Amino acid sequence: MTKRIPLGLAAVAALGLAFLVAGQQALPKVGLPILTTSAGQSTDVTTLNIVLEDAGIAYDYCDVPTPEMVADGVGLGGRESGPGFHVESTTDLAKSPAGTPYKAVIFAIGASLKGMGASGLTLDSEEARLKKVIEFCKQKKIFVMAVHIGGESKRGPAGSDNERMIDAVAPLADYLVVTKDSNKDGRFTKLAAAKKIPLTEIEYALGLVDIVKQVFQ
Amino acid sequence: MNFKRLIPFGLTLVLAVLLAGHAPAGTGQSALAAADAVIAGEGCTSILVGRDASVDGSVMTTHTCDCGTCDWTWRHVPAADHKTGSTRTVYHISQYKTWPPAEGLKWDLYKKDLAGLEIPQVAHTYAYHHGMFGYMNEKQVSIGESTIGCQRKMQNSTPAAKLDLSMLTLLGIERAATAREAIQVMGSLAEKYGYGFHDDGEMLAVADAKEAWIFEIMPVGPLWTPESGKPGAVWAAERVPDDEVSVCPNESRIGEIDLANKDVFMASPNVVSLAVEMGYYDPKSGKPFSFKRAYSPVEGSAMSTNGRIQRLWRFFDLVAPSKKFKPETPNMDLPFSVKPDKKISVQDVMAMTRDRSYGTPFDPVQGIRGGPFKNPNYYRGTRVIDHGLAEYSTVTQSRAGFPDPIGGIVWIAFGSQDTSCYMPLYAGMTEIPKSFMVGDHWTFSRDSVRWAFDYADFHVQVAYSEAIKDVQAAQAKYETELVQRTPEIDQQALALYKKKPAKAAEFLTGFAINNATTVTNAWWKLGDDLLVKYNRLYLYNAEKRGFSRGQPATPDWWKKAARAFDILMEPDKK
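Note that the structure is predicted; figures quoted are calculated from it, not measured.

What follows concerns the interface of chain A and chain B. Contacts between chain A and chain B engage 23 residues on the former and 17 residues on the latter. For the pairing of chain A and chain B, the buried interface totals around 1600 Å² over both sides, and the portion due to carbon and sulfur atoms is 61%. The largest contributions to the chain A side of the interface with chain B come from A:Ile50, A:Ser153 and A:Tyr204, which together make up 34% of the buried area. Here chain A is connected to chain B by two salt bridges.

Turning to helix 11 (residues 449–460) of chain B, a few remarks are in order. Residues and elements named next belong to chain B. Its twelve residues give helix 11 an end-to-end C-alpha distance of 17 Å, which sits within 8% of 16 Å, the value for a rise of 1.5 Å per residue. Judged by how many residues are buried, helix 11 sits mostly within the fold: eleven of twelve residues are covered. Where helix 11 is buried, its residues contact strand 16 (390–398), strand 17 (409–414), strand 18 (423–426), helix 12 (464–499) and helix 13 (501–533).

Right, let's get into the state of the cysteines. Residue and element names in this part refer to chain B. Summed over all chains, the structure comprises one disulfide over all chains. Paired through a disulfide, Cys67 and Cys70 show a sulfur-sulfur distance of 2.0 Å. Between Cys67 and Cys70 the disulfide shows an S-S torsion of about 65 degrees. By sign, it is right-handed. Cys70 carries the same exposure label as Cys67, and that label is buried. Of all cysteine sulfurs in the structure, the one in Cys44 sits closest to Cys65, which takes part in no disulfide; the separation is 5.1 Å. Residue classification places Cys65 among the buried positions, given a relative accessible area of 3%. We note that Cys248 lacks a disulfide partner, and the nearest cysteine sulfur, in Cys44, lies 9.5 Å from it.

A few words now on the nonpolar core. If you look at the biggest cluster of nonpolar residues, it comprises 118 residues, and the most contacted ones within it are B:Trp74, B:Phe436 and B:Trp523. Sequence-distant contacts of B:Trp523, defined by excluding residues within four places in its chain, comprise B:Thr419, B:Ser420, B:Cys421, B:Ala452, B:Phe453, B:Ala456, B:Val471, B:Ala474, B:Gln475 and B:Tyr478. Counting residues in each nonpolar core, the second largest holds 39 residues, with A:Leu130, A:Val133, A:Phe188 and A:Ile197 among its members.

In this section: the pattern of salt bridges. Considering all chains together, one arrives at 41 salt bridges over all chains under this definition. Among the ionic pairs, A:Glu126 bridges to A:Arg129, the shortest N-O distance being 2.9 Å. Of this pair, A:Glu126 and A:Arg129 both sit in helix 5 (residues 123–139), separated by three residues, roughly a single helical turn. With respect to class, A:Glu126 is no different from A:Arg129; both count as buried. Across the salt bridge formed by B:Asp108 and B:Arg75, the nearest N and O atoms sit 3.1 Å from each other. Placement of the pair is B:Asp108 in helix 3 (residues 106–109) and B:Arg75 in strand 3 (residues 75–77), with a sequence separation of 33 residues. Classification of B:Asp108 as partly exposed rests on a relative accessible area of 44%.

This paragraph deals with the sheet that holds strand 18 of chain B. Residue and element names in this part refer to chain B. Ordered by their spatial adjacency, six strands build an open sheet running 14-1-2-16-17-18, and the pairing between neighbours is antiparallel. The outermost strands of the open sheet, each flanked by one partner alone, are strand 14 (245–248) and strand 18. The sheet shows a mean angle of 15 degrees between the axes of neighbouring strands, taken without regard to direction. Inspection of the sheet shows strand 1 (residues 46–49) paired to strand 2 (residues 59–66) by two bridges, in the antiparallel sense. By the bridge assignment for strand 2, Leu48 is matched with Thr61. In the packing of helix 8 (residues 311–319) onto the sheet, the strands contacted are strand 1 and strand 14, and the crossing angle to strand 14 comes to about 160 degrees.

Further remarks concern the side chain of B:Gln366. Residues and elements named next belong to chain B. Within the secondary structure layout, Gln366 lies in the loop between helix 9 (346–353) and strand 16. The class for Gln366 is buried, based on a relative accessible area of 5%. One polar contact links the side chain of Gln366 to the main-chain carbonyl oxygen of Asp363, over a distance of 3.3 Å.

With that out of the way, let us pick up unusual backbone geometry. A cis amide bond links A:Leu32 with the next residue in sequence, A:Pro33, at an omega value of 10 degrees. With a phi close to 65 degrees, A:Gln41 is a non-glycine residue in the positive phi region. Mapped onto the elements of the fold, A:Gln41 is located in the loop between strand 1 (34–39) and helix 2 (44–55). Despite not being glycine, B:Gln140 has its phi angle at roughly 70 degrees, a positive value. Residue placement: B:Gln140 occurs in the loop between strand 9 (134–137) and strand 10 (142–147).

Attention now moves to the environment of B:Glu251. All names here are of chain B. Counting through the fold element by element, Glu251 comes out in the loop between strand 14 and strand 15 (265–267). Expressed as a C-alpha distance, the spacing of Glu251 and Ile309, which sit 58 residues apart in the sequence, is 8.8 Å. Apart from the residues lying within four places of it in its own chain, the contact partners of Glu251 are Thr147, Ile148, Glu216, Val298, Ile309, Leu312 and Asn331. Of the polar contacts made by the side chain of Glu251, one reaches the side chain of Asn331; its length is 2.8 Å.

Here the focus is the pairing of strand 6 (residues 175–179) of chain A. All names here are of chain A. With five of its five residues buried, strand 6 lies for the most part within the structure. Across the two faces of strand 6 the burial is the same, with Tyr175, Val177 and Thr179 and Leu176 and Val178 all buried. As paired strands, strand 5 (residues 143–148) and strand 6 are joined by four bridges and run parallel to one another. Bridge assignment links Val147 to a residue of strand 6, and that residue is Val177. Crossover strand 5 to strand 6 through helix 6 (residues 161–169) is right-handed. Looking at chain direction, strand 6 and strand 7 (residues 199–202) are connected through four bridges and run parallel. Within strand 7, the residue paired with Leu176 across the bridge is Leu199.

In this model, chain A carries a mean pLDDT of 88, and residues with pLDDT of at least 70 account for 88%. Of the regions scoring below 50 in pLDDT, residues 1–25 of chain A engages in one contact with residues more than four places distant in sequence or in other chains.

Residue and element names in this part refer to chain A. Pairing is mixed across the open sheet formed by seven strands, whose spatial order is 3-2-1-4-5-6-7. Bordering the open sheet on either side are strand 3 (87–89) and strand 7, each of which pairs with just one other strand. The average angle at which neighbouring strand axes cross in this sheet is 15 degrees, direction not considered. Against the sheet, helix 5 makes contact with strand 1, strand 4 (104–109) and strand 5, and its axis sits at roughly 155 degrees relative to strand 1, the strand it touches most.

About the criteria used
- Residues numbered from 1 in each chain as written.
- Chains lettered and ligands numbered in written order.
- Predicted model: local features only at pLDDT ≥ 70, side-chain atom pairs only at ≥ 80, totals over all residues.
- Heavy atoms only, no water.
- Contact = heavy atoms within 4.5 Å.
- Buried area = accessible area lost by both parts, 1.4 Å probe.
- Salt bridge = Lys/Arg side-chain N within 4 Å of Asp/Glu carboxyl O.
- Helix = DSSP H or I, 4+ residues; strand = E, 2+ residues; numbered from the N terminus.
- Expected span 1.5 Å × (residues − 1).
- Buried < 20%, exposed > 50% of the residue type's maximum accessible area, 1.4 Å probe, protein only.
- Disulfide = S-S within 2.5 Å.
- Core = buried A, V, L, I, M, F, W, Y, C linked by side-chain atoms within 4.5 Å.
- Pairing = 2+ DSSP bridges.
- Axes fitted to C-alpha atoms, helices over the stretch in contact; angles between N-to-C directions.
- Polar contact = N/O pair within 3.5 Å; in protein donor to acceptor, adjacent residues only side chain to side chain.
- Right-handed = clockwise from strand over helix to strand, strands pointing away.
- pLDDT = per-residue confidence, 0-100.

Set out below in structure tokens:
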């Protein structure tokens, strides 16, 4: 028994190292331009945008894009913000002129009834919208990245607002990044294993900065 | 719509209203256009009155808890002693989250939302009353609130930020014996454990029997981690001069700060450095650092925003008309505080919380906006102090010269201030009325105090200009008379306190609960009476019980405006 503990520890350490290495190797590489959006209209998408700014990665943002808007590419067809609809573009138009197809869409998962209310959405309509957008991304081979950085408070029992948003996006993602306390129950780990989706766990939102720097080169 | 006719007949419409003498000059189309303005992120108003600015030496704060769909229930939390080494659990408390009554009450269920943090407990926590925030503790420390927002990059909704505003106020009020202590407690905890999650830029009016302070706190961005060694919040506090009054209407109020003057200012250690780091202040600019301009700038004036941000100007104009503040002055150039033209009473403050900017360029019933019965709730293009959205409003009084349990009062009016009635809860009470502890927006309940006031309010909307007079008569009976009786209640409580403090607490508890029951029952009856009196928009005289029934008078200007509108909408004849 006394010999098993160090051996066991060594095995765990080796596995951990292997995972880390594998995790680093498994980081996907995706080009620009990218679109950020919310799955559930929580403020986590603001965090995502700030992460990208900190990483020096330009992006387009729309809170409630439809497949048609995604299809319009950079600049979202010239659409402007209005009540219940927000767009923003920091994309370098010299490198990616208006209309350039997006290479990736990043979804920040987290349900907010207040946010959905402000956008005139219900849980059902948000789910339906997300389904259509992801279907379009799959058709056009646009890389789908999903992040859950809201922690345990942005989770809930099966069928709850937050879990429905996770169900709508995470199983169809090409890459998942979640904070450790978002994944306390191991749901994302199991889902990623079952769907063979690369998954990276981070401690804080800060950890996402280095990841996006590596993914979006 | 026939647009060719728009201009001449639009003029006809305006003329009709002007002829009726109900359209003040100087507003016209710009104010009408504001009807479509989107008013977002504007909620509560908080007023502060220094001790030498009040008629009785009270330090006062207010909070109009303007949400519309939030929880309105209250709780009393008793004092407690805690063993060395014990911890205090921190919860995430959303100002907006509610639960169906069948599942339970907010102030039980919020404990399911753990923030994942246990902090060292203090040896003793004070008793207090709270609703959305901690409002009054047994040491007369009181709090009011107003959301002020912050620069977008400062928001931190990540779980790294363990403290939301509601939780922070509960910690502050249970641990502090003075306003300064409360500010230090809240500020230091936020720095250490991170502030944000459900909230961003926020203002708290923090007072005790001597001082009133404006405390403003903001997150430091979503990339903050506790391991960074940097503060997880940025905050500043400025004391309202004792002979002045101030207000926060969802706008940062703290400008330049002089941290050497500890009698007037307090702040977190990063108060300037964070602004420099985030690019919100350049020390080389030659301009002094301003908290509000760096972290929460608000552009425009009452006039330039068509009344969207008119509360700041309106308040100063209300309390100090002699200074002739102009609605064109940019809000950020208006003063932090002002000496009122006359000393302010608690009833004056209650009236301010009911202010609708009548008679100003932002009058919500000017012209045809309020309909024939001058209902200020029809037109919401301008943001007035009483916006009809309040869950409840509070007016706190912290009064030196009395023992704390008697000196501290939080007056509460549930629902819209104009149709509600302020009821006192004393700092020394050991329980609160049961009807204050239950209810929500989506389930009518005769057990909930709030529904009594909403019930009356609902029946006022039918013929507002008439029915509000019935409400005001009830307010005179149940609110004004009670305010006038306060010295008598104080003396009775004081006499008991001198014999045995617990007797005073028992007396004040019984008195306030009985009063709340009386007022609540009176408002249920008021609602019944209004339903009968204005039934089907007729006037029924319940005493005479006659066959004839009148109608509330429809003014001539309204009939003219209706005719003008018909012409405006007439189809184009080919």
